[in-house]
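Residue-level structural notes
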Amino acid sequence: MKNILKISLTLSLILLLVSCKKDDGADTTFSLRDRQEVYNEDIAEIEAYLQENYLVVDVNLNASVKEIDNGQTSIWNNTTYPLQSMIVKNDVRVSSYITGVSTDVVEYKLYYIILNEGGGAYPTQVDSVFTAYKGWDLENEVFDQNNQGMWFTYPQTTAFDPVSISGYRQVLTKIKTEASSALNSNGTLTHNDYGNVLVFIPSGLGYFSGSNINGVSYNPAVFQIKLFNRKENDQDGDRILSNYEDINGDGDFYNDDTDGDNIPDFLDRDDDNDGVITKFEIIQSNDGNGNIVYYSFNNIPFCGSGSVKKHLDNSCH
């Protein structure tokens, strides 16, 4: 079974490989469609789908969607599980530098339905998350499913990490992880009070020109996502968890660059570019025998009498 969370080509590779030469010297050019034009088509199809189909949810909050055939209440008008939406930009990046933002300027309307909020914690953009999922197209044909769950991380930390699609990843900010889990005698886990969401994704926040959905490009998708767990990361190894490095608190970890070196703080080992690695600036105690205690983030001292923590102020070592 193919893994829906692996994108065969990233946007940057597509842009680099849009043309190739035949052996006879003639040029063959593959042209991507205009993203705004595709989105206009996608959102019209998605809204028609929401008005022409109804939602079925079983006792375990497993969802399916069926075409209205006998006056059922549409997804559009469902009050038990109300439809919500948010406006987002594509967060797939050209590079991990501050300036490596997506070239996609479209503002996307992302429709979603929360089946259960969850009893744990909201994940951040830079957490690893453990999710199960089911994906289907607007013909209600399931194209992939994973009931057990899998981990993925954004951004990738190795070449083998799975990469989520943008619409899938961004909707996870609306739900929480599980409240608890229990190991069963057969080795399986029972997840309790986990986040559970349906999301209706325009192709620009999905596979776009890729043909991952039943071999069709520019195809919107629907996912049911169950968020079981998260792992807080320290991507740059500076002893400060990445989710504390959103300095301006706007949820975008890529626009925080304390020293202006074009590397976001959560990927920068020396956040203030003072020549001292960040983790060496937050040592609370060191007995000289390799027993080092680091300050927790909230307890990192400010520089002098100022309001900037010492690892972010290049005048303070």
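What you are looking at is a predicted structure, and each value in this text was computed from that prediction instead of being measured. (Residues numbered from 1 in each chain as written. Predicted model: local features only at pLDDT ≥ 70, side-chain atom pairs only at ≥ 80, totals over all residues. Heavy atoms only, no water.)

1. Some remarks on the overall build of the protein
Across its full length, the protein carries 4 helices and 14 strands. Across the 317 residues of the protein, 44% fall into the buried class. For the protein, contacts bridging at least 24 residues in sequence account for 62% of all contacts bridging at least 6. Carbon and sulfur atoms form 47% of the exposed surface of the protein, whose accessible area is close to 16,100 Å². (Helix = DSSP H or I, 4+ residues; strand = E, 2+ residues; numbered from the N terminus. Buried < 20%, exposed > 50% of the residue type's maximum accessible area, 1.4 Å probe, protein only. Contact = heavy atoms within 4.5 Å. Areas by Shrake-Rupley, 256 points an atom, 1.4 Å probe, with all protein chains shown as cover.)

2. Structural notes on the side chain of D91
By secondary structure assignment, the location of D91 is in the loop between β5 (84-88) and β6 (108-116). Look at D91 and you get buried, because its relative accessible area is 14%. Only 2.5 Å separates the side chain of D91 from the side chain of R169, close enough to count as a polar contact. Residue contacts for D91: discarding those within four places in its chain leaves Q125, Y154, S166, R169 and Q170. (Polar contact = N/O pair within 3.5 Å; in protein donor to acceptor, adjacent residues only side chain to side chain.)

3. Quick word on unusual backbone geometry
Residues apart from glycine generally show negative phi values, whereas peptide bonds are mostly found in trans. A positive phi is found at F208, a non-glycine position, where the angle reads about 50°. Residue placement: F208 occurs in the loop between β11 (195-201) and β12 (221-231).

4. Focus: the environment of S315
In this fold, S315 is placed in the segment after β14 (292-294). Taking the C-alpha atoms as reference points, S315 and D272, separated by 43 residues in sequence, lie 9.0 Å from one another.

5. Some points on the packing of aromatic side chains
Following the criterion strictly, the structure yields 15 aromatic pairs and no others. Ring geometry for F208 and Y218: centres 5.0 Å apart, planes at 85°, overall edge-to-face. Taken as a pair, F208 in the loop between β11 and β12 and Y218 in the loop between β11 and β12 lie far apart in primary sequence, 10 residues in all. Relative accessible area serves as the criterion here: at 17%, Y218 is assigned to the buried category. (Phe/Tyr/Trp six-rings, centres within 6.5 Å; stacked < 30°, edge-to-face > 60°.)

Read these as spatial facts, not as claims about activity.
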